[in-house]
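Examining the three-dimensional arrangement
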Amino acid sequence: MIRPDAQLRAGHVPSDLIPPGTDPRSVVIVHTAPRSWVGPVVLILVAAVGVCGLVYITTVAVLSLVQVAATTAAAIKTAVPALIGGGGLITLAVKVPKKPSK
């Protein structure tokens, strides 16, 4: 037992720690418990799982919206010619004014 804390852990009380006039048999040494890392590690794991879950849910929601938009666009693409006149092709005509003749 080279180190003083090893002596204290083994229950040996150095005489310089005991106040004068105190019975050494009545001295009680209280040790602090070693720090537990279970709480912080579990907190970090729960936070990581929560962030991954949020990213997953957001990705699923965005992909669902894209799928709905694609389905809507396909439905509009097929419905517009029937609504306009059934010709299949939509043409635009631009009128150009005639030049005055001399």
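Here goes a summary of the coordinates provided. All values reported here derive from a predicted model rather than from experimental measurement.

1. A few points about the overall build of the protein chain
- The secondary structure content of the protein chain amounts to 2 helices and 0 strands.
- The burial tally for the protein chain puts 1% of its 102 residues in the buried class.
- Taken as a whole, the protein chain presents about 9700 Å² of accessible surface, with 70% of it coming from carbon and sulfur.

2. Some words on the environment of Val28
- In this structure, Val28 sits in the loop between helix H1 (4–9) and helix H2 (38–84).
- For Val28, a relative accessible area of 67% gives the class exposed.
- C-alpha separation for the pair Val28 and Gly11, spaced 17 residues apart in sequence, amounts to 9.0 Å.

3. With respect to the pattern of salt bridges
- In the structure shown here, the tally under the stated rule is 1 salt bridge.
- A salt bridge links Arg25 to Asp23, with the nearest nitrogen and oxygen atoms 3.4 Å apart.

4. A word on the packing of aromatic side chains
- Across all of its chains, the model carries 0 aromatic pairs by this definition.
- Between the NZ or CZ atom of Arg35 and the centre of the ring of Trp37, over which it lies, the distance is 4.6 Å.

5. Description of a nonpolar patch on the surface
- Among the surface-exposed residues, Trp37, Val41 and Leu45 lie close enough to one another that they form a single nonpolar patch of about 340 Å² accessible area.
- Within the element layout of this structure, Val41 appears in helix H2.

How each quantity is defined
- Residues numbered from 1 in each chain as written.
- Predicted model: local features only at pLDDT ≥ 70, side-chain atom pairs only at ≥ 80, totals over all residues.
- Heavy atoms only, no water.
- Helix = DSSP H or I, 4+ residues; strand = E, 2+ residues; numbered from the N terminus.
- Buried < 20%, exposed > 50% of the residue type's maximum accessible area, 1.4 Å probe, protein only.
- Areas by Shrake-Rupley, 256 points an atom, 1.4 Å probe, with all protein chains shown as cover.
- Salt bridge = Lys/Arg side-chain N within 4 Å of Asp/Glu carboxyl O.
- Phe/Tyr/Trp six-rings, centres within 6.5 Å; stacked < 30°, edge-to-face > 60°.
- Lys NZ or Arg CZ within 6 Å of the ring centre and 35° of its normal.
- Patch = residues over 30% accessible without salt bridge, like charges linked within 9 Å, V, L, I, M, F, W, Y side chains within 5 Å.

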